[in-house]
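The residues making up each chain are set out below.
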Amino acid sequence: GGITKSTDDGDTWRWTDSLPEGMTHVTTLLTLTSGTVLAHCARVVNDPVSPMVESAALLRSDDNGARWTIVARDFRSNIPYPNMEPNIVQVANGAIIATMYSGNVVVSFDDGERWDVVDVAELGTTQVNNITLGRDSSLLVSTDIGVGRLRIPNVTSVDDQSTSSRANQLVNDG
């Protein structure tokens, strides 16, 4: 695994060798509107009987993937490989939301430089398996117990006084 890069419109591809700490299991890549690239990567032990995630992190590149920096580590390590793949999305107001192998949701407000764990009381101890944007720009999550809309204050709501199209805004959580 890893990340490949083309500089000739896809005619040829080269593996990047700049992923830190042997984190070559890449589950998600996202290019932000700013041009910054984020990746969710892990170091995985590929045991055919019991694969393990040794460590995982969100990586950030501000030079189109030439160099990568770890910006958030998953707090769990040496865990059985889960039946889910983490994801990263950017919402209309610029916030970036990601899921981790631990089941946590993290958020960044500064182009992916710093991350905070989102404490969503309604989820209790339920793990978030994946996150995506719905057609109406609402945030949809899948968990161990089902699928639903996730509303996070100051993340999944926008200022009602905005003049931009409602279709480009997330659902206001009142």
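Right, let's walk through the structure included here. It should be emphasised that the depicted structure is a prediction, and the values quoted were computed from it without experimental measurement.

1. Brief notes about the overall build of the chain
- Along the backbone of the chain there are 0 helices and 14 strands.
- In the chain, buried positions account for 42% of the 174 residues.
- In the chain, of all internal contacts separated by at least 6 residues, the share reaching a separation of at least 24 is 42%.
- As presented, the chain carries roughly 9,800 Å² of accessible surface, and 46% of it is formed by carbon and sulfur atoms.

2. Things to note about the environment of S102
- Topologically, S102 is positioned in the loop between β9 (96-99) and β10 (105-108).
- What makes S102 buried here is its relative accessible area of 5%.
- Separated by 16 residues in the primary sequence, S102 and P86 have C-alpha atoms spaced 9.3 Å apart.
- Leaving out residues up to four positions away in the same chain, S102 has contacts with D74, F75, R76 and Q127.
- A distance of 2.8 Å separates the side chain of S102 from the side chain of D74, its partner in a polar contact.
- Of the polar contacts made by the side chain of S102, one reaches the backbone nitrogen of N104; its length is 3.4 Å.

3. Looking at the nonpolar core
- Within the largest apolar cluster, 13 residues are counted, with the highest numbers of intra-cluster contacts made by I97, I131, L139 and L150.
- Residue assignment for this core shows that the elements contributing at least two residues are β10, β12 (128-133) and β13 (139-143).
- In this structure, L38, A98, V106 and W115 belong to the second largest nonpolar core, which totals 11 residues.

4. Description of the sheet that holds β9
- As summarised here, the arrangement of the 4 strands in space is β8-β9-β10-β11, forming an open sheet in which the pairing is antiparallel. Bordering the open sheet on either side are β8 (88-90) and β11 (116-117), each of which pairs with just one other strand.
- Pairing of β8 with β9 involves 3 bridges; the strand directions are antiparallel. Counterpart to I88 in the pairing with β9 is A98.

5. Topic: the pairing of strand β4 (residues 37-45)
- Taken across its 9 residues, β4 has 7 buried, putting it largely inside the fold.
- Relative to β4, strand β3 (residues 25-31) runs antiparallel, the two being bridged by 6 bridges. Bridged to L29 within β4 is A39.
- Connecting β3 to the antiparallel partner β4 that follows it, the hairpin turn spans 5 residues, and G35 within it adopts a positive phi of roughly 100°.
- Here β4 runs beside strand β5 (residues 52-61); their pairing, made up of 9 bridges, is antiparallel. In the strand pairing of β5, V37 is matched with S61.
- Here β4 hands over to β5 after 6 residues, the two strands then running antiparallel side by side.

Definitions and limits used
Residues numbered from 1 in each chain as written. Predicted model: local features only at pLDDT ≥ 70, side-chain atom pairs only at ≥ 80, totals over all residues. Heavy atoms only, no water. Helix = DSSP H or I, 4+ residues; strand = E, 2+ residues; numbered from the N terminus. Buried < 20%, exposed > 50% of the residue type's maximum accessible area, 1.4 Å probe, protein only. Contact = heavy atoms within 4.5 Å. Areas by Shrake-Rupley, 256 points an atom, 1.4 Å probe, with all protein chains shown as cover. Polar contact = N/O pair within 3.5 Å; in protein donor to acceptor, adjacent residues only side chain to side chain. Core = buried A, V, L, I, M, F, W, Y, C linked by side-chain atoms within 4.5 Å. Pairing = 2+ DSSP bridges.

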